[in-house]
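# Overview (structure and organization)
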Amino acid sequence: TIVIERRVLGAGSSQELVAHIEDVVVDQSMRGCGLGRLIIEHLLVVAGRAGCARATLNCTPENAAFYERCGMRLSDAAGLALYF
């Protein structure tokens, strides 16, 4: 899933598009075939073509290396969540 939102910076002065990538899961029987990498690369192309300033995603520490191999970088921003 990719969600693209328009973020307002400051007091309505300027705006930027930001892409959020969520819920990328490859069935265990298909892992290691490059499908996950292909999905992420495609979503990043979609974000770039939409004019996004950046793309973000949250993942577990165990999955971080995979996303780094796809071109993502560890961010200083804290990923916080509240689950209901």
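These figures come from a predicted structure and were not determined experimentally.

## A word on the side chain of Glu16
Following the sequence through the fold, Glu16 ends up in strand S2 (residues 14-21). Here Arg54 takes part through its side chain, which lies 2.5 Å from a polar atom of the side chain of Glu16. Not counting residues up to four positions away in its chain, the partners in contact with Glu16 are Glu5, Arg6, Arg7, Leu9, Ala53 and Arg54.

## As for the packing of aromatic side chains
One pass over the full model with this rule turns up one aromatic pair. Between the aromatic rings of Phe66 and Tyr67, the centroid separation amounts to 5.0 Å while the plane-to-plane angle is 75 degrees, which identifies the pairing as edge-to-face. Under the relative-accessibility criterion, Tyr67 is labelled buried at 11%.

## Points about the nonpolar core
The biggest cluster of nonpolar side chains holds seven residues, and these are Ile21, Val24, Ile40, Leu43, Tyr67, Cys70 and Met72. Not counting the four nearest positions on each side in its chain, Cys70 is found in contact with Arg37, Ile40 and Leu44.

## A look at the environment of Asp23
Tracing the sequence through the fold places Asp23 in the loop between S2 and helix H1 (35-49). Through-space distance from the C-alpha of Asp23 to that of Leu57 is 9.2 Å; in sequence the pair is 34 residues apart.

What counts and how
- Here, residues in each chain are numbered from 1, in the same order as that chain's written sequence.
- Per-residue local features of the predicted model are confined to residues with pLDDT of at least 70, and side-chain atom pairs are confined, for both listing and counting, to 80 or more; whole-chain, interface and lining totals are unaffected and use all residues.
- Working from all heavy atoms in the structure, the side-chain values ignore hydrogens and water.
- Each helix is a run of H or I in the DSSP string that is no shorter than four residues. Each strand is a run of E no shorter than two, and both are numbered from the N terminus.
- Polar contact criterion, stated in full: a pair of N or O atoms within 3.5 Å, where within protein one must be able to donate a hydrogen and the other to accept it, and residues adjacent in sequence count only if both atoms are side-chain atoms.
- Any two residues having at least one pair of non-hydrogen atoms within 4.5 Å are treated as being in contact.
- Think of it this way: a Phe, Tyr or Trp ring, Trp meaning its six-membered ring, pairs with another when their centres are within 6.5 Å, and the plane angle makes it stacked under 30 degrees, edge-to-face over 60, tilted otherwise.
- Each residue is placed in one exposure class: buried if its accessible area under a 1.4 Å probe, protein chains only, is under 20% of its type's maximum, exposed if it is over 50%, and partly exposed if it falls in between.
- What is meant by a nonpolar core is a set of buried Ala, Val, Leu, Ile, Met, Phe, Trp, Tyr and Cys residues, joined one to another through side-chain atoms within 4.5 Å.

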